[in-house]
Amino acid sequence: QQQVRQSPQSLTVWEGETAILNCSYEDSTFNYFPWYQQFPGEGPALLISIRSVSDKKEDGRFTIFFNKREKKLSLHITDSQPGDSATYFCAARGSGYNKLTFGKGTVLLVSP
Amino acid sequence: EAAVTQSPRNKVTVTGGNVTLSCRQTNSHNYMYWYRQDTGHGLRLIHYSYGAGNLQIGDVPDGYKATRTTQEDFFLLLELASPSQTSLYFCASSDASTNTEVFFGKGTRLTVV
């Protein structure tokens, strides 16, 4: 039973375009949603996160849009760069819990 | 910056073999975790701990044991390794007081032949 779903599995965009990565979840108690970025040969690293009290979180070229009613969120990467090519994981955690539930990831390729 | 060190980075063992993966974090984090990463499955939690001597069951615990000997050290044990346990294993840690960011190590690639 997959509690956090990501789409698409893979995405290719041209340099300078906006990449949109989608995530949805089932558990209505989830209230914290981090996105992790992983490069080959490395462990995942926190990129940006949002709490369910907010509907938007921005950090430079990275923006999370959150829709609590629909249990959906998306990560927008504007002005995509080849260095953004990586796997992106959406994760979720509920209040009082100490473990993250991860989606299966989206592999992003930014072509120059 | 939080540091999580895993060893070995690569390991090959035979079916039925005994394997121990080690993890050390140097930031006095309370929580430590073991995940496995497989294509098509993402990251799945095996076991986690909130302090020395404590162990909590994760989502895919079958075939794995774990032990937290100190605040810094967390071990994953495969006592009868099977080919289905061939995977990339990540150790991670987080601070209980904030319990927000989880810091990952670089991973151990285990192959069971």
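Worth saying up front: this structure is predicted, and the values here are computed from it rather than measured. (Residues numbered from 1 in each chain as written. Chains lettered and ligands numbered in written order. Predicted model: local features only at pLDDT ≥ 70, side-chain atom pairs only at ≥ 80, totals over all residues. Heavy atoms only, no water.)

**Q** Please explain the overall build of chain B as it appears in this structure.
**A** A tally of regular secondary structure across chain B gives zero helices and 11 strands. When the helices and strands of chain B are listed from N to C terminus, the series reads β-β-β-β-β-β-β-β-β-β-β. Against the compact-globule benchmark of 13 Å for 113 residues, chain B has a radius of gyration of 13 Å, which places it among compact chains. C-alpha extents for chain B along the principal axes are approximately 40 × 30 × 25 Å. Buried residues in chain B amount to 49% of all 113 residues. (Helix = DSSP H or I, 4+ residues; strand = E, 2+ residues; numbered from the N terminus. Rg over C-alpha atoms; globule rule 2.2 N^0.38 Å. Buried < 20%, exposed > 50% of the residue type's maximum accessible area, 1.4 Å probe, protein only.)

**Q** What is the right way to read the state of the cysteines from this model?
**A** By definition, a disulfide is the covalent link that joins the sulfur atoms of two cysteine residues. Residue and element names in this part refer to chain A. A full pass over the atoms with the stated rule returns two disulfides over all chains. A sulfur-sulfur separation of 2.0 Å characterises the disulfide bridge that pairs Cys-23 with Cys-90. As the torsion about the S-S bond is roughly -70°, the Cys-23-Cys-90 disulfide counts as left-handed. Residue Cys-23 is located in strand S3 (residues 19-25), and its partner Cys-90 is located in strand S9 (residues 86-94); the two are separated by 67 residues in the primary sequence. Classification of Cys-23 by relative accessible area gives buried; the value is 3%. With a relative accessible area of 1%, Cys-90 lands in the buried category. (Disulfide = S-S within 2.5 Å.)

**Q** Before we go on, may I ask you to explain the interface of chain B and chain A in this structure?
**A** Frequently, the measure chosen for interface size is the accessible area removed from exposure when the parts meet. Taken residue by residue, the interface counts 20 residues in chain B and 18 residues in chain A. Counting each side, the surface lost to burial between chain B and chain A is near 1700 Å², with a carbon and sulfur contribution of 48%. Linking chain B to chain A there are two salt bridges. Put simply, Asp-59 of chain B and Lys-99 of chain A hold a salt bridge, and the shortest N to O gap is 3.1 Å. Of all the elements in the fold, those that place two or more residues in the side of chain B that touches chain A are strand S4 (31-38) and strand S5 (42-49) of chain B. Taken together, the residues of the side of chain B that touches chain A break down into nine nonpolar, seven polar and four charged. (Contact = heavy atoms within 4.5 Å. Buried area = accessible area lost by both parts, 1.4 Å probe. Salt bridge = Lys/Arg side-chain N within 4 Å of Asp/Glu carboxyl O. Nonpolar A, V, L, I, M, F, W, Y, C, P; charged D, E, K, R; others polar.)

**Q** Help me understand the sheet that holds strand S8 (residues 73-78) of chain B, please; the structure alone is not making it clear to me.
**A** Pairing between the strands of a sheet comes from backbone hydrogen bonds, and it takes one of two forms, parallel or antiparallel. Residues and elements named next belong to chain B. The sheet built from four strands is open, its strands ordered S1-S3-S8-S7 with antiparallel pairing. This sheet does not close on itself; its edge strands, each paired only once, are strand S1 (4-7) and strand S7 (65-68). Taken over all neighbouring pairs, the strand axes of this sheet differ in orientation by 15° on average, direction set aside. Both S1 and strand S3 (residues 19-25) contribute to a ladder of four bridges, which runs antiparallel. Within the sheet, the bridge partner assigned to Thr-5 lies in S3 and is Arg-24. (Pairing = 2+ DSSP bridges. Axes fitted to C-alpha atoms, helices over the stretch in contact; angles between N-to-C directions.)

**Q** What is the right way to look at the environment of Thr-5 of chain B in this model?
**A** Here Thr-5 of chain B shows up in strand S1. Separated by 95 residues in sequence, Thr-5 of chain B and Thr-100 of chain B have C-alpha atoms that sit 20 Å apart.

**Q** Whenever I open this one, the sheet that holds strand S1 (residues 4-7) of chain A confuses me. Can you help?
**A** All names here are of chain A. Strand order in the open sheet made by the five strands is S1-S3-S8-S7-S6, with antiparallel pairing throughout. Since the sheet does not close on itself, it has two edges, and those belong to S1 and strand S6 (56-59), each with one partner. Sheet twist, expressed as the average angle between the axes of neighbouring strands with direction ignored, equals 15°. Note: S6 against strand S7 (residues 62-67), four bridges, orientation antiparallel. Residue pairing across strands places Asp-59 opposite Phe-62, the latter belonging to S7.

These figures come from the coordinates and say nothing about function on their own.
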